[in-house]
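Structural characterization, general
Chain by chain, the residues run as shown.
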Amino acid sequence: MPEGPELHLASLYVNKMCAGVVFTGPVRKSEVSKNPDVPFTCEAYRITATSRGKEVKLTLTPMKSDDPKERVKAGQADQPMDIVIRFGMSGYFRFTTEDELPKHAHLRFYSKETPCRVLSFVDARRFGSWQPNGTWQSDRGPCIMFEYKSFREKVVSHLSDRAFDKPICEVLLNQKYFNGIGNYLRAEILFRLNIPPFVPARTVLEGLESEDLCENEKPVKNETTDTKTSDGAKQKRVKGETGDLLRLCHTVPLEVVNLGGKGYDPQKTDYSDFKAWLQCYCVDGMKSIGDHNGRTMWFKGDPGPMAPKDSKSPKAKKRAKKEDGHDYYTDKKKVASKRSESTSKKKQESVTKIPKKEKKGCPKEAGTKRRKAVKSREVTEPQHEKRSTARKRKSSSAEPTAGPQRRRGRVTRQNSK
DNA sequence: CGTCCACGTCTAC
DNA sequence: TAGACCTGGACGG
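So, here is what we can say about the structure in this document. (Residues numbered from 1 in each chain as written. Chains lettered and ligands numbered in written order. Predicted model: local features only at pLDDT ≥ 70, side-chain atom pairs only at ≥ 80, totals over all residues. Heavy atoms only, no water.)

1. Here's the deal with the overall build of chain A
As a reminder of what qualifies: Strands are runs of DSSP state E lasting at least 2 residues, helices are runs of H or I lasting at least 4, and numbering of each runs from the N terminus. The buried label goes to any residue with under 20% of its type's maximum accessible area, the exposed label to any with over 50%, and the partly exposed label to all in between, with areas taken from a 1.4 Å probe on protein chains only. Should any heavy atoms of two residues lie within 4.5 Å, those residues are considered in contact. Each accessible area is a Shrake-Rupley estimate made with a 1.4 Å probe; only the visible protein chains count as cover when residues are assessed.
When its secondary structure is counted, chain A shows eight helices and 11 strands. Every one of the 417 residues in chain A was classed for burial, and the buried ones make up 46%. In chain A, the share of contacts with a sequence separation of at least 24, taken over all contacts with a separation of at least 6, comes to 67%. When the accessible surface of chain A is totalled, it reaches about 23,000 Å², and 51% of it is carbon and sulfur.

Take a look at the structure:
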């Protein structure tokens, strides 16, 4: 469960489950983990957590002891220790009894209770990592959810950085500026504003103010914001009910936090609320192509000018290792797209592939009905906005029109040229 | 059974 | 800009 919202929900989970619980002894690591040992042991300590972007920090705090001398002799901690954890693609926390330890529980903290319980950092793929006595990774930027002001200022004041030469969808994954945004969030955010994913990032971001004028506005109605029609330059007309791109990098993740559940976690029972929340990522009827790093970008409509010509894919990798020298036959697969057209106008359509049957890789609803999207046409019709919670769930089964609609329009494609 | 795909970094040619 | 690093679920044959 890896994007900002999931990491934050994980920290809330730890604080809730471990409130009042006393832990004891050494912190234990699985045999198979290549991460460092955590040199901490204490007769009695507590655990609390905080999150920042895509990292969680656990703080182990020794409880007061009547006999400091004894403690020191026993090699016990008397000072708190912070452990900074990154979740990789599959990390999460679980608090269980000792005999219910989840498979892949790579870092464990034991409680002092008698049927003892264990707080585990579970990580099936082991892409996650931790650092004892750690600090927030220095090259990661401010948290998009809880350090919004500095996050925004940092982006706006660094637009000349070459990092912004790339397509906006790829820049959104750059943790130096967007700490907490991941693959599903970038799709949902760009979708809400109808921004083509492969448009140069700087083009989309320049003109945004370092201060979010939206912040102190009420529910903000159709605040249409003027536009200093005064010839040249940018006209700020941002804002609307939604806000600009940077603001959505803050509010959209918070929506997931407010869903409660566990965010992206197909195995979870309350995963359906999250699935119902998704409007674009893995949604039927949406398009998807691999970006320049081989990550799947989900979107609707125009891919934008910087879309990969020949959708790359780090797939097509390991080819038989038999022996035969000749096998530079290695890749093919999605190169299936026609080659037609060619120069002149960049008509896409060859790059975008619409899900034929079921998209692999996107978790199906276990047991329940799948989410159907408006396959026929894209809804342009204003629906009744009804924000609020996604408590409904269920959303009637056979509803063919339960999908994502709600186009807000107003793209604000500024830029000069 | 085998292939493809997955919420993310990392480092090496 | 490729791989490497991993496990496991969904599909296809």
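2. Concerning the nonpolar core
Heads up, the rule is: Here, nonpolar core means buried Ala, Val, Leu, Ile, Met, Phe, Trp, Tyr and Cys residues that are tied together by side-chain atoms lying within 4.5 Å of each other.
By size, the foremost hydrophobic cluster in this structure holds 55 residues, and its most contacted members are Phe178 and Leu245. Of all the secondary-structure elements, those providing two or more residues to this core are helix 3 (148-156), helix 4 (168-171), helix 5 (183-193), helix 6 (201-205), helix 7 (245-259), helix 8 (271-277) and strand 11 (296-299). Apart from residues lying up to four places away in sequence, Leu245 is in contact with Ile168, Ile189, Leu190, Leu193, Ile195, Val204 and Leu205. In this structure, Val21, Phe23, Phe40 and Phe93 belong to the second largest nonpolar core, which totals 29 residues.

3. Brief notes about helix 1 (residues 4-18)
Let me state the cut-off plainly: Every helix has an expected span of 1.5 Å times one less than the residues it contains.
Compared with the 21 Å implied by 1.5 Å per residue over 15 residues, the 21 Å span of helix 1 between its first and last C-alpha is a close match. Extensive coverage of helix 1 is indicated by the burial of 11 of its 15 residues. If you check which residues of helix 1 are buried, you get Gly4, Pro5, Glu6, Leu7, His8, Leu9, Ala10, Ser11, Tyr13, Val14 and Cys18.

4. Considering the sheet that holds strand 5 (residues 81-86)
Where we set the bar: DSSP-based pairing: two strands are paired if at least 2 bridges between them are found. With axes taken as lines fitted to C-alpha atoms, and helix axes fitted only over the stretch in contact, angles between N-to-C directions fall between 0 and 180 degrees.
Spatial ordering of the open sheet is given by 1-3-4-5-9, a layout of five strands whose pairing is antiparallel. Because the sheet does not close on itself, it has two edges, and the strands there are strand 1 (23-26) and strand 9 (129-132). Adjacent strand axes in the sheet meet at a mean angle of 35 degrees, parallel and antiparallel pairs treated alike. As judged from the eight bridges shared by strand 3 (residues 41-52) and strand 4 (residues 55-62), these two strands associate in the antiparallel manner. Within strand 4, the residue paired with Thr48 across the bridge is Thr59.

5. Some words on the packing of helix 3 against helix 7
The line we're drawing: Left-handed describes a crossing in which the near helix is turned anticlockwise from the far one by less than a right angle; the clockwise case is right-handed. Residue classes follow a fixed rule: Ala, Val, Leu, Ile, Met, Phe, Trp, Tyr, Cys and Pro count as nonpolar, while Asp, Glu, Lys and Arg count as charged, and any other residue, Gly among them, counts as polar.
Interhelical geometry of helix 3 versus helix 7 gives an angle of 150 degrees and a closest axis separation of 10 Å. In the packing of helix 3 onto helix 7, the handedness of the crossing is right-handed. Contacts between helix 3 and helix 7 pair Tyr148, Phe151, Arg152, Val155 and Val156 from the former with Leu246, Arg247, Cys249 and His250 from the latter. Per-class residue counts for the contact of helix 3 with helix 7 are six nonpolar, one polar and two charged.

6. Structural notes on the sheet that holds strand 6 (residues 91-97)
Strand order in this open sheet of four strands is 2-7-8-6, and the pairing throughout is antiparallel. Of all the strands in the sheet, the pair left with one neighbour each is strand 2 (28-29) and strand 6. Two elements, strand 7 (residues 105-110) and strand 8 (residues 117-123), share five bridges in a ladder whose sense is antiparallel. Within the sheet, the bridge partner assigned to Ala105 lies in strand 8 and is Val122. Docked against the sheet, helix 1 engages strand 6 and strand 8, running at close to 15 degrees with respect to strand 6.

7. Digging into the environment of Arg125
Mapping Arg125 onto the fold places it in the loop between strand 8 and strand 9. For the pair Arg125 and Gly91, spaced 34 residues apart in sequence, the C-alpha separation works out to 8.1 Å. Not counting residues within four places of it along the chain, the set of residues in contact with Arg125 comprises Met89 and Ser90.

8. Digging into the packing of aromatic side chains
What characterises a pair of aromatic rings is the spacing of the ring centres plus the angle enclosed by the ring planes. Put simply, the rule is: Here a pair means two rings of Phe, Tyr or Trp (six-membered ring of Trp) with centres within 6.5 Å. Their orientation is stacked below 30 degrees between planes, edge-to-face above 60, and tilted elsewhere.
Across all of its chains, the model carries 16 aromatic pairs by this definition. For the ring pair Phe23 and Tyr45, a centre distance of 5.8 Å and an interplane angle of 35 degrees mean the geometry is tilted. With Phe23 in strand 1 and Tyr45 in strand 3, this residue pair connects regions lying 22 residues apart in the sequence. Comparing Phe23 with Tyr45, the two get one shared label, buried. Each member of the aromatic cluster is reached from another via a ring pair, and the members are Tyr184, Tyr271, Phe274, Trp277, Tyr281 and Trp298.

9. As for helix 7
Here is the rule we go by: Between N or O atoms, a polar contact is any pair within 3.5 Å; within protein, one atom must be a potential hydrogen donor and the other a potential acceptor, and residues adjacent in sequence are included only when both atoms are from side chains.
For helix 7, built from 15 residues, the straight-helix expectation of 21 Å at 1.5 Å per residue is met to within 8% by its first-to-last C-alpha distance of 21 Å. The buried fraction of helix 7 amounts to 11 of the 15 residues, a majority that puts the element mostly inside the structure. Buried within helix 7 are the following residues: Leu245, Leu246, Arg247, Leu248, Cys249, His250, Val252, Pro253, Val256, Val257 and Leu259. The inward-facing, buried residues of helix 7 abut helix 1, helix 3, helix 4, helix 5, helix 6 and helix 8. A side-chain oxygen of the first residue of helix 7 lies 3.2 Å from the backbone nitrogen of Leu246; this N-cap is Asp244.

10. Here's the deal with the pairing of strand 8
In terms of burial, strand 8 is a largely internal element, six of the seven residues being buried. Where strand 6 and strand 8 come together, seven bridges link them in antiparallel fashion. Within the sheet, the bridge partner assigned to Tyr92 lies in strand 8 and is Val122. Taken together, strand 7 and the strand that follows it, strand 8, pair antiparallel across an intervening segment of six residues.

Note that every value here comes from positions in space, so none of it alone points to a role or purpose.
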